[in-house]
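# A closer look at the structure
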Amino acid sequence: MDPLEGEASISVEYEPVSVKEVLVEMKDTAELLIDLSYSAVLHRNADLAQEVLRLEERMDVLELRARMSLMMAVRNPTDAEQLAPVLGIVAAADDISDAAGDIAKIVLEEMGLPDAMRAALPEAAETLVRGVVDPGSEYADRTLEDIDLESETGVRVIALRRGDKWLLNPGPTTTVMATDVALLRGPDPAIGAVCETLTGDVYETPDIDDPAIEDLERAVDTIVHMKNLSELAVDLAYSSVLFDSAALAEEVRNLEIEVDALQSRFEAWTLRAAAEASDPVVLRGLIRLGVCTEVISDAAIDISEGVLRDIAVHPVVQLAVQESDEIITRVEIDPESDLDGTAITAGVPDTESTMSVIAIRRPGEGWLLVADSDGELRGGDILISKGTRTAASAFEELAQRAHTD
């Protein structure tokens, strides 16, 4: 029997739960779903795709519980005004979940996807794999702190599934148990050996046959860029809510406009590629991927809608997204400031600041994702950066302070 069969009909009754905890789990689940679904497509991995559908079912339950709790919390018009954007955040997370499920079905329903897609995606993301912990593995029945996997190999355990229970964002004290389903993410050269140690099975990297169809390559490059921008939009949307930042919310809107423009070009190149493809049917999955990626971008707008409409962010939402000391900020570089002309390597600017630049919006050029590229910062650039609160404050000063003799 399919492990997912019958889950959609499970009865969900109201029970007193923390809205904050439900929102935290929905946020973490949505972000994991994006990672899992694209990785399932990249590797044509049915096991990963099945995990996406399991998480999608979990998200449906979380959405119902969140809606029930929010309805119980409304007592007057003021509550309704403050909690209406929270319902939007709940719905947006569910939209992301549904889109991820549709992406997973590209694999499960064998809709077809060109090999060029698999050739391009490794440049866009770390490798994510799924493995079942073998009872004889040296990792079994040990805490993540004891294994020290990330320090030794760069590979991270991003989630564990123990039966029907999900452990998202496992910490140092989390114990890896035999038969756990582990989701690992890390650099391709290291992840194979870790996966073999974890599961006892040989890790195989699929061979890729990349057909030389120029329009198809353009379409694939575009969908990869759309994917990265959509993920960035979701990150920025949650950050705009955390800081009640209209500036960050406006960047979410800018990203959504960019993704819409890319979607139009992507469709045109895909249709042109169909004329040259030996079997145009294999492009069905690519078309589905484009539609779902655009849905994720739209969901980011819904998350930040309350901020865009200048509705005060409800404290429970800020608490829900304030789980990490690492934050995302928006900084505009003043001409002749200390950052103007600064070299940047793999997203790290040549400064004493520990902030990492993940994207630049450059007037006249659009969005540049810089995590894996080198370049130079310019006056007028809008930087989206990640780091600690202390580092963010110092970084903003560098962007605004003019040079002095």
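Attention shifts here to the overall build of the protein. Summing up its helical and strand segments, the protein has 13 helices and 13 strands in all. Considering only contacts within the protein whose residues lie at least 6 apart along the sequence, 79% involve residues at least 24 apart. For the protein, the accessible surface area stands at approximately 19,000 Å², while carbon and sulfur atoms represent 47% of it.

A word on the sheet that holds strand 6 (residues 181–186). In sheet architecture, strand pairing relies on hydrogen bonds along the backbone and comes in two forms, parallel and antiparallel. What the four strands build is an open sheet, ordered 1-6-3-4; its pairing is antiparallel. Looking at which strands have only one partner, the edges of the open sheet turn out to be strand 1 (127–132) and strand 4 (165–168). Strand-to-strand twist in this sheet, taken as the mean axis angle between neighbours without regard to direction, amounts to 20°. Bridge count for strand 3 (residues 156–162) against strand 6 is five bridges, and the pairing is antiparallel. Its bridge partner lying in strand 6, Ala159 is registered against Leu183. Each of strand 1, strand 3, strand 4 and strand 6 is contacted by helix 2 (residues 46–73), which is oriented at about 85° to strand 1, the strand it contacts most.

Moving on, we come to helix 1 (residues 19–43). For helix 1, which comprises 25 residues, the first-to-last C-alpha distance of 36 Å matches the rise-based estimate of 36 Å (1.5 Å per residue) to within 8%. In terms of burial, helix 1 is largely enclosed, as 20 of its 25 residues are buried. At the exit of helix 1 stands Arg44, carrying a positive phi of roughly 50°.

Axis separation between helix 2 and helix 3 (residues 77–108) bottoms out at 9 Å; the angle between their running directions is 165°. Classified by the angle their axes make, helix 2 and helix 3 are roughly antiparallel. Helix-helix and strand crossings are classified by hand; for helix 2 and helix 3 the assignment is left-handed. Its residues assigned to classes, the contact of helix 2 with helix 3 comprises 18 nonpolar, three polar and eight charged.

This next bit is on the packing of aromatic side chains. For the structure on display, the rule yields zero aromatic pairs. Here the basic side chain of Lys27 rests over the ring of Tyr238, its NZ or CZ set 5.4 Å away from the ring centre. Residue placement shows Lys227 over the ring face of Tyr38; its charged tip is 5.3 Å from the ring centre.

Moving on to helix 13 (residues 389–400). Taking 1.5 Å per residue, 12 residues should reach 16 Å; helix 13 reaches 17 Å between its end C-alpha atoms and fits that length. Within helix 13, burial applies to Ala391, Ala392, Phe395, Leu398 and Ala399. Along the axis of helix 13, the buried positions cluster into a sector of 120°, meaning they face one direction only.

Ranked by internal contacts, the top residues of the largest apolar core, which has 82 residues, are Leu32 and Leu286. Broken down by element, this core gets its largest block of residues, 14 residues, from helix 8 (residues 214–242). Residues Leu149, Val176, Ala182 and Ile191 belong to the second largest nonpolar core, which totals 20 residues.

Take a negative patch on the surface next. A contiguous patch of negative charge on the surface is contributed by Glu145, Asp148, Glu150 and Glu152. For Asp148, a relative accessible area of 31% translates into the label partly exposed.

A word on the pairing of strand 11 (residues 366–369). Relative to strand 11, strand 10 (residues 356–362) runs antiparallel, the two sharing four bridges. Across the sheet, Ala359 pairs through a bridge with Leu369, a residue of strand 11. In this antiparallel pair of consecutive strands, strand 10 and strand 11, the connection spans three residues, and Gly364 shows a positive phi of 85°.

Looking at the element boundaries, Asp28 is found in helix 1. Of the side chains bearing the opposite charge, Lys27 lies closest to the buried Asp28, which forms no salt bridge; the N-O distance is 4.2 Å. With residues up to four places along the chain from it excluded, the contact list for Asp28 reads Leu168 and Asn169.

What follows is about the environment of Asp188. For Asp188, the location among the structural elements is in helix 7 (residues 188–199). On the accessibility criterion, Asp188 (40% relative accessible area) is partly exposed. Between the C-alpha atoms of Asp188 and Thr127, which are 61 residues apart in sequence, the distance is 5.7 Å. Apart from residues no more than four positions distant in its own chain, Asp188 is found in contact with Thr127 and Tyr203.

Quick notes on the rules
- Residues numbered from 1 in each chain as written.
- Predicted model: local features only at pLDDT ≥ 70, side-chain atom pairs only at ≥ 80, totals over all residues.
- Heavy atoms only, no water.
- Helix = DSSP H or I, 4+ residues; strand = E, 2+ residues; numbered from the N terminus.
- Contact = heavy atoms within 4.5 Å.
- Areas by Shrake-Rupley, 256 points an atom, 1.4 Å probe, with all protein chains shown as cover.
- Pairing = 2+ DSSP bridges.
- Axes fitted to C-alpha atoms, helices over the stretch in contact; angles between N-to-C directions.
- Expected span 1.5 Å × (residues − 1).
- Buried < 20%, exposed > 50% of the residue type's maximum accessible area, 1.4 Å probe, protein only.
- Parallel < 35°, antiparallel > 145°, perpendicular 65-115°, else oblique.
- Left-handed = near helix turned anticlockwise from the far one by under 90°.
- Nonpolar A, V, L, I, M, F, W, Y, C, P; charged D, E, K, R; others polar.
- Phe/Tyr/Trp six-rings, centres within 6.5 Å; stacked < 30°, edge-to-face > 60°.
- Lys NZ or Arg CZ within 6 Å of the ring centre and 35° of its normal.
- Arc of directions from axis to C-beta.
- Core = buried A, V, L, I, M, F, W, Y, C linked by side-chain atoms within 4.5 Å.
- Patch = residues over 30% accessible without salt bridge, like charges linked within 9 Å, V, L, I, M, F, W, Y side chains within 5 Å.
- Salt bridge = Lys/Arg side-chain N within 4 Å of Asp/Glu carboxyl O.
- Lys, Arg positive; Asp, Glu negative; His and termini not counted.
- Charge placed at Lys NZ, Arg CZ, Asp CG, Glu CD.

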